[in-house]
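# Coordinate analysis (summary)
As a plain string of letters, each chain reads:
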Amino acid sequence: MRTDSLPRVLGWASLGLGAAQLATPDTVTRLCGVDDSPAARGITRLVGGRELLHAAPLLGGREPTRWAWTRVAGDALDLSLLGAALSGRRGARRRRVAAAMAAVAGITALDLLCAVRGARSATAPLTLHASITINRPREEVYAFWRDLENLPTFMIHLESVRTVGAGRSRWQAKGPATDVVWEAEIIDDRVGELIAWASVRGGVVNTRGMVSFTDGPAGRGTVVDVAMDYTVPGRALGAAVAKMLGEHPEQQVRDDLRRFKQILETGEVLRSDGSPEGTRALRQLRQRPAQPVGGRS
């Protein structure tokens, strides 16, 4: 079974089980060998509702593997309930309960596999790519980027970049709870063509990146192409929060490049009444929607 199809399969399983448990609880309790009492039917309906709640994110979520852990927890509860029922059964009913426990155990194994795969993917490096064309000569665009201390003027997540010598620099960025500081070094530098960097080992951030500069179509302007990957503490949580706020990391890179283009072409980040704070990129976090100015209605 393909890794990316497993959450969907589990989602359909949740949908089918949940619908059956809600619609025909008597049939489900009889097949499982448990009591057909009102209490047993009530518990079956509750389990069915839980299964439907699992189905929605597994079938419709953008990252469904993250929800597999909720199924694992539900499976553990189901196994404990069936285990309690098994102790008081004899004969055919005991065999039905044992068969139900075996089925739930098999589903638990699949749920656990899906959840573990999702956890592994959450800690994998986040890869970003973006490009833009700037109406300035290639050498000028390269020179501005190569002076790394210019980067915070258009990279919204950076507080500062300071060169420390020997091709190294110290970076400081805003984190979810506190600032994150790390060192990076230039690992490839071709004047007017390419800059590649990597974080120094042992830091809290593990990142590599490259920016290339090529002539635009018909020799007009410069195409800036950025590719980078990184892992940081709490990457999965940070990315999830960023998405909730409408600031997916790859979108942030694209926005950074748009500000870079504005600075190179106009000398500043263009402002409106909605962003009067100036060219300091970080201040734009507080911008508000543009409003008409000058008293016009």
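Read on for a plain summary of the structure. Source: prediction; values computed, not measured.

Let's shift gears to the pairing of strand β6 (residues 206-215). Summarising the sheet, strand β5 (residues 194-199) and β6 pair through five bridges and their orientation is antiparallel. By the bridge assignment for β6, Trp 197 is matched with Gly 209. Linkage of β5 to β6, two consecutive antiparallel strands, is achieved through a turn of six residues, within which Gly 202 is found at a positive phi near 95 degrees.

Take the layout of surface pockets next. Of the pockets and cavities examined, the second largest pocket occupies roughly 720 Å³. Of all the secondary-structure elements, those providing two or more residues to the lining of the second largest pocket are α1 (6-23), α2 (25-32), α3 (38-60), α4 (68-86) and α5 (91-122). Among the elements that make up the lining of the second largest pocket, the one with the highest residue count is α4 (six residues). Among the residues forming the lining of the second largest pocket, the class breakdown is 16 nonpolar, four polar and six charged.

This part takes up a nonpolar patch on the surface. Side chains of Trp 12, Leu 15, Leu 22 and Leu 52 sit close together on the surface and give an oily, nonpolar patch of about 350 Å² of accessible area. Ranked by residue count, the leading element in the nonpolar patch is α1, at three residues. If you trace the backbone, Leu 15 turns up in helix α1.

Thresholds applied
Residues numbered from 1 in each chain as written. Predicted model: local features only at pLDDT ≥ 70, side-chain atom pairs only at ≥ 80, totals over all residues. Heavy atoms only, no water. Pairing = 2+ DSSP bridges. Helix = DSSP H or I, 4+ residues; strand = E, 2+ residues; numbered from the N terminus. 1 Å grid on protein atoms, 1.4 Å probe; cavity = no way out; pocket = protein on both sides within 12 Å on 5 of 7 lines; lining within 4 Å. Points joined across faces, edges and corners; volume = space filled by probe spheres on them. Nonpolar A, V, L, I, M, F, W, Y, C, P; charged D, E, K, R; others polar. Patch = residues over 30% accessible without salt bridge, like charges linked within 9 Å, V, L, I, M, F, W, Y side chains within 5 Å. Areas by Shrake-Rupley, 256 points an atom, 1.4 Å probe, with all protein chains shown as cover. Salt bridge = Lys/Arg side-chain N within 4 Å of Asp/Glu carboxyl O.

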